Amino acid sequence: AQKITQTQPGMFVQEKEAVTLDCTYDTSDQSYGLFWYKQPSSGEMIFLIYQGSYDEQNATEGRYSLNFQKARKSANLVISASQLGDSAMYFCAMGLNRDDKIIFGKGTRLHILP
Amino acid sequence: SAVISQKPSRDICQRGTSLTIQCQVDSQVTMMFWYRQQPGQSLTLIATANQGSEATYESGFVIDKFPISRPNLTFSTLTVSNMSPEDSSIYLCSVDRASYYGYTFGSGTRLTVV
């Protein structure tokens, strides 16, 4: 069965610093995708970045990058130059390409300090 | 990416009653997904709704409690039946457009059962 693990329940980071949010996953499938979402206090789910299991390059989207280490089954999110508006809950998620659904990790609450 | 209109945005309901949540998508999609997010928790998939067939429920969720309709490719409803305070959660619908663009979520329905 597939599983997503986020081991950091909460993090405090100084504004303008880079931050890494950890995510490990478990699946026996070879074809899958990994996602990161941001959930601010408003509750909406904001898609940040996607990495396919066959993608050779790490995904990047603006200040977000995904550090994909397939052998270690990790997909850490890196936020560069953090901003106060980055304070939110962050969820890592995975979907198998033979299936349509995605499952979520427990999340990491990120606090950016001024 | 798709735009999803979800309503109601919030409701306070009496125990023992039912609430129907609606999601309207601005384009045709094959699969729609319903999630529950209990207070302070991650998202848990309730079921996958495919047009023209019965929804597929995840372990721990049953049709009698969470009946789902999917009458066409742009619309779905989730009913929370015979509610108890334990059903107080945020309920979200989601669709998959293309993995690169992530799964799009509705704005959520914040349900409180008293």
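It should be emphasised that the depicted structure is a prediction, and the values quoted were computed from it without experimental measurement. (Residues numbered from 1 in each chain as written. Chains lettered and ligands numbered in written order. Predicted model: local features only at pLDDT ≥ 70, side-chain atom pairs only at ≥ 80, totals over all residues. Heavy atoms only, no water.)

Visitor: Could you give an account of the overall build of chain A, with specific residues and numbers?
Guide: Looking only at helices and strands, chain A features zero helices and 12 strands. Written out in order from the N terminus, the α and β elements of chain A read β-β-β-β-β-β-β-β-β-β-β-β. The C-alpha atoms of chain A give a radius of gyration of 14 Å, which matches the 13 Å a tight globule of 114 residues would have. Buried residues in chain A amount to 50% of all 114 residues. Considering only residue pairs separated by 6 or more positions, chain A has 55% of its internal contacts joining residues 24 or more positions apart. Summed over all atoms, the accessible surface of chain A reaches about 5,600 Å², with 47% contributed by carbon and sulfur. Of the side chains in chain A, 11 bear a positive and 12 a negative charge, and the two mean positions are spaced by 6 Å. (Helix = DSSP H or I, 4+ residues; strand = E, 2+ residues; numbered from the N terminus. Rg over C-alpha atoms; globule rule 2.2 N^0.38 Å. Buried < 20%, exposed > 50% of the residue type's maximum accessible area, 1.4 Å probe, protein only. Contact = heavy atoms within 4.5 Å. Areas by Shrake-Rupley, 256 points an atom, 1.4 Å probe, with all protein chains shown as cover. Lys, Arg positive; Asp, Glu negative; His and termini not counted. Charge placed at Lys NZ, Arg CZ, Asp CG, Glu CD.)

Visitor: Explain the sheet that holds strand β3 (residues 19-25) of chain B to me, using residue names and the numbers behind them.
Guide: Residue and element names in this part refer to chain B. An order of β1-β3-β8-β7 is seen for the four strands of this open sheet, with the pairing classed as antiparallel. Each edge of the open sheet carries a strand with a single partner, namely β1 (4-7) and β7 (68-72). Direction aside, the axes of adjacent strands within the sheet are offset by 15 degrees on average. (Pairing = 2+ DSSP bridges. Axes fitted to C-alpha atoms, helices over the stretch in contact; angles between N-to-C directions.)

Visitor: Could you give an account of the interface of chain B and chain A, naming the residues involved and the relevant values?
Guide: With 18 residues of chain B at the interface, the matching set in chain A holds 17 residues. Here chain B packs against chain A, burying approximately 1,500 Å² in sum over the two surfaces, 56% of which is carbon and sulfur. At the surface where chain B touches chain A, the tally comes to one salt bridge. The partner of Glu58 of chain B in a salt bridge is Lys101 of chain A, and the shortest N-O contact between them spans 3.0 Å. Element by element, the count of residues in the side of chain B that touches chain A is highest for strand β4 (residues 31-37) of chain B, at four residues. Each residue belonging to the side of chain B that touches chain A can be placed in one class, and the counts come to 10 nonpolar, six polar and two charged. (Buried area = accessible area lost by both parts, 1.4 Å probe. Salt bridge = Lys/Arg side-chain N within 4 Å of Asp/Glu carboxyl O. Nonpolar A, V, L, I, M, F, W, Y, C, P; charged D, E, K, R; others polar.)

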